[in-house]
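Below are the chains, spelled out letter by letter.
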Amino acid sequence: MLLADFDFELPEDRIALRPATPRDAARLLVVSRQGDLDDCMVADLPSLVRPGDALVFNDTKVIAARLFGYRERAGLRVSLEATLLERKSPSAWKVLARPGRRLKVGDRLVFGESSDRACLLGRLEATVAGRDDDGQILEFDLSGPILDEAIAERGAMPLPPYIARHRSEDERDRRDYQTIYAEEAGSVAAPTAGLHFTGDLMDRLRAAGVSTHFVTLHVGGGTFLPVKTETLADHVMHPETGHVTLATADALNGVRARGGRIIAVGTTSLRLLESALNTEHQFGAFAGPTRLFITPGYEITAVDGLVTNFHLPKSTLFVLVCAFSGREVMGRAYAHAIEAGYRFHSYGDASLLWRP
């Protein structure tokens, strides 16, 4: 299966630079089991589900993963940006540095300035310790919770490149690029389907007889990296770490046993739930990494529905929704979304897909 099969023309102005206000005012394209399309709003969700259904959310919390600073070598300074991708140890992170090719092992990097919002923490320094596939390994002078605090103070929210090239991150993004139920810090990108949910919407869903459940999958830096192989079979997903508790697994098994439908909020929730299935298609406790790459031909059995944003061409996420609803159906759905003015990606509108 070729990556080119999942390409389509997306006008630049369809990529949202800010979210809808309020969050649940975003549009929602409903794709039925038969492939029919219906234009709704996220706020309509309580009328689109049934009593006894369950929504599963990813409660990971985005860290301020973009650091700005400079490389210092032989008295010369070169400005750079580093996006944290994956934690390697209490003091080391894999990062995507720009410019990165000029970095050498042993280079000293300094992040932040004395006049920024992190002035009370002093300088945050690191040493380039090596390279790892698509990034560099930085060994910070700080470690553990102290390093976490320094990053939180100095860092910026890791807006996707297609937003960052149009505008800079600001204080509003610290609120907008985080779900209202974010709990466990560890992601370097938001589980964006969840950005549409408000406290009022959650209350109305529960009042409609829908149960809400939470799992955790920390979104990794691989979400920023394009697929570089011509065939999907050659693409290797970056590992992402998460967990499903035994209590949550038992609750979801109960929902299914009573005839309720399980709806994943976001592709991260879906991938984690699929990873938590046993050979009898029952949910069990899960803790650890997953590299699950869902492509057409993969049989999805964990969920009946999926709430997800509109994704970029040739992305693993667009491949996933094609696996979920069918390539022909999603081709029609995306063509309709573009024609009807839906907004794409992290701050864009959403879709509700029912599994055929």
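Everything that follows concerns the structure shown earlier in this document.
Quick caveat: nothing in here was measured; it's all calculated off a predicted structure.

## A short note on the pattern of salt bridges
A complete count under the given rule lists 21 salt bridges for this structure. For R172, the salt bridge is made with D176, and the minimal N-O distance between the two is 2.8 Å. Placement of both R172 and D176 in helix α4 (residues 171-176) is noted, with a separation of 4 residues, approximately one turn of the helix. A relative accessible area of 32% places R172 in the partly exposed class. R204 is paired through a salt bridge with D200; the nearest N and O atoms lie 3.3 Å apart. Taken as a pair, R204 and D200 lie in helix α5 (residues 199-207) at a separation of 4 residues, close to a single helical turn.

## Quick notes on the pairing of strand β16 (residues 305-309)
Within β16, 5 of the 5 residues are buried, which leaves it mostly tucked inside the rest of the structure. Burial of β16 is two-sided: the residues G305, V307 and N309 facing one way and the residues L306 and T308 facing the other way are all buried. Two elements, strand β14 (residues 262-265) and β16, share 3 bridges in a ladder whose sense is parallel. Along β16, the bridge assignment pairs V265 with V307. In this sheet, strand β17 (residues 350-354) lies alongside β16 in antiparallel orientation, the contact comprising 5 bridges. Considered in β17, the bridge of L306 is made with L353.

## Quick look at the sheet that holds strand β1 (residues 27-31)
Reading across the sheet, the 9 strands line up as β2-β1-β17-β16-β14-β3-β12-β13-β15 and stay open at both edges, with mixed pairing between neighbours. The open sheet is flanked by β2 (37-41) and β15 (286-290), the only strands paired with a single partner. Geometrically, the sheet is characterised by an average inter-axis angle of 25° between neighbouring strands, direction not taken into account. Of the pairings in the sheet, the one linking β1 to β2 comprises 5 bridges and is antiparallel in character. Looking at the pairing, V30 lines up with D38 of β2. Contacts from helix α6 (residues 246-257) reach β3 (54-58), β12 (211-217), β13 (240-244) and β14, with the element oriented near 135° to β12.

## Observations regarding the packing of aromatic side chains
Evaluation of the coordinates by the stated rule reveals 15 aromatic pairs. Geometrically, the ring pair formed by F8 and F344 is tilted, given 6.5 Å between the ring centres and 45° between the ring planes. Taken as a pair, F8 in the segment before β1 and F344 in the loop between α9 (327-339) and β17 lie far apart in primary sequence, 336 residues in all. Here the two residues F8 and F344 agree in accessibility, since each one is buried. The ring centre of Y342 lies 3.9 Å from the NZ or CZ of R27, which sits over that ring.

## Looking at the sheet that holds strand β7 (residues 92-98)
Spatially, 6 strands are ordered β5-β6-β7-β10-β9-β8 in a closed barrel, and the strand pairing comes out antiparallel. Each adjacent strand pair in this sheet contributes to an overall mean axis angle of 45°, direction not counted.

## Focus on the environment of S187
Position of S187 relative to the elements: it lies in strand β11 (residues 184-187). Setting aside residues up to four positions removed in sequence, S187 forms contacts with T60, K61, V62, I63, L217, H218 and V219.

## Examining unusual backbone geometry
The omega torsion of the bond from T21 to P22 falls at -10°, within 30 degrees of zero and hence cis. Locating P22 in the fold gives a position in the segment before β1. Here the bond from R98 into P99 is cis, since omega is -10°, no more than 30 degrees from zero.

Definitions and limits used
- Residues numbered from 1 in each chain as written.
- Predicted model: local features only at pLDDT ≥ 70, side-chain atom pairs only at ≥ 80, totals over all residues.
- Heavy atoms only, no water.
- Salt bridge = Lys/Arg side-chain N within 4 Å of Asp/Glu carboxyl O.
- Helix = DSSP H or I, 4+ residues; strand = E, 2+ residues; numbered from the N terminus.
- Buried < 20%, exposed > 50% of the residue type's maximum accessible area, 1.4 Å probe, protein only.
- Pairing = 2+ DSSP bridges.
- Axes fitted to C-alpha atoms, helices over the stretch in contact; angles between N-to-C directions.
- Contact = heavy atoms within 4.5 Å.
- Phe/Tyr/Trp six-rings, centres within 6.5 Å; stacked < 30°, edge-to-face > 60°.
- Lys NZ or Arg CZ within 6 Å of the ring centre and 35° of its normal.

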